[in-house]
Amino acid sequence: MTLEQIKEKKWLLKLEEIDKNTTLAQADQITKKMSDLKEEIKEIHAMFEKMETQDQITVLKNIKPQTVALIQALILFSS
């Protein structure tokens, strides 16, 4: 192995380490965001439970399909 090949391999290994650290940092951010969203959903659920039945019906009628999909995804990821 030439000196140039060794330098290149060392450089590539540093890049892999940087990629790994970046990926781990992103995973931590995603985990934190999921945790925050889970807490927000608990708060929303608590407020919903305190509403009158008619108000609950109104809220449920106005929920967008994207919101339902997001909530379902959060349930899957948090369980």
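In short, a report on the structure. Throughout, residues of each chain are indexed from 1 in the direction in which the sequence is written. Totals for whole chains, interfaces and linings use all residues, but because this is a predicted model, local features are given only for residues with pLDDT of at least 70 and pairs of side-chain atoms are given and counted only at 80 or more. Side-chain numbers here rest on the full set of heavy atoms in the structure, without hydrogens or water.

So, about the overall build of the chain. When its secondary structure is counted, the chain shows three helices and zero strands. In terms of overall dimensions, the chain has a C-alpha envelope of 75 × 20 × 15 Å along the principal axes. Each residue is placed in one exposure class: buried if its accessible area under a 1.4 Å probe, protein chains only, is under 20% of its type's maximum, exposed if it is over 50%, and partly exposed if it falls in between. The burial tally for the chain puts 4% of its 79 residues in the buried class. Entry remark: accessible area of the chain is about 7,400 Å², with carbon and sulfur atoms responsible for 61%. Distance from the positive charge centre (12 side chains) to the negative charge centre (13 side chains) of the chain: 4 Å. Helix and strand definitions here come from DSSP, where helices need a minimum of 4 consecutive H or I residues and strands a minimum of 2 consecutive E residues; each element is numbered from the N-terminal end. In these tables, accessible area is a Shrake-Rupley quantity obtained with a 1.4 Å probe, and a residue counts as shielded only by the protein chains included in the view. In this tally, Lys and Arg are treated as positive and Asp and Glu as negative; His is ignored, and so are the chain termini. Note on charges: their place is set at NZ of Lys, CZ of Arg, CG of Asp or CD of Glu.

So, about the side chain of glutamine 56. Among the structural elements, glutamine 56 can be located in helix 2 (residues 53-61). In this structure glutamine 56 comes out as buried when scored by relative accessible area, which is 17%. Excluding its chain neighbours within four sequence positions, the residues that come into contact with glutamine 56 are Phe48, Glu49 and Met51. A contact between two residues is defined here by any heavy atoms of the two lying within 4.5 Å.

We now examine the environment of methionine 51. Mapping methionine 51 onto the fold places it in the loop between helix 1 (3-50) and helix 2. A relative accessible area of 33% places methionine 51 in the partly exposed class. Discounting residues that sit within four places of it in the chain, methionine 51 has contacts with Gln56 and Val59.

The next point concerns a nonpolar patch on the surface. Two joining distances apply to patches: 9 Å for like charges and 5 Å for nonpolar side chains (Val, Leu, Ile, Met, Phe, Trp, Tyr), and every residue must have over 30% relative accessible area and no salt bridge. Any Lys or Arg side-chain nitrogen located within 4 Å of an Asp or Glu carboxyl oxygen qualifies as a salt bridge. Side chains of Met51, Val59, Leu60, Ile63 and Val68 sit close together on the surface and give an oily, nonpolar patch of about 360 Å² of accessible area. Mapped onto the fold, valine 59 is located in helix 2. The class for valine 59 is partly exposed, based on a relative accessible area of 32%.

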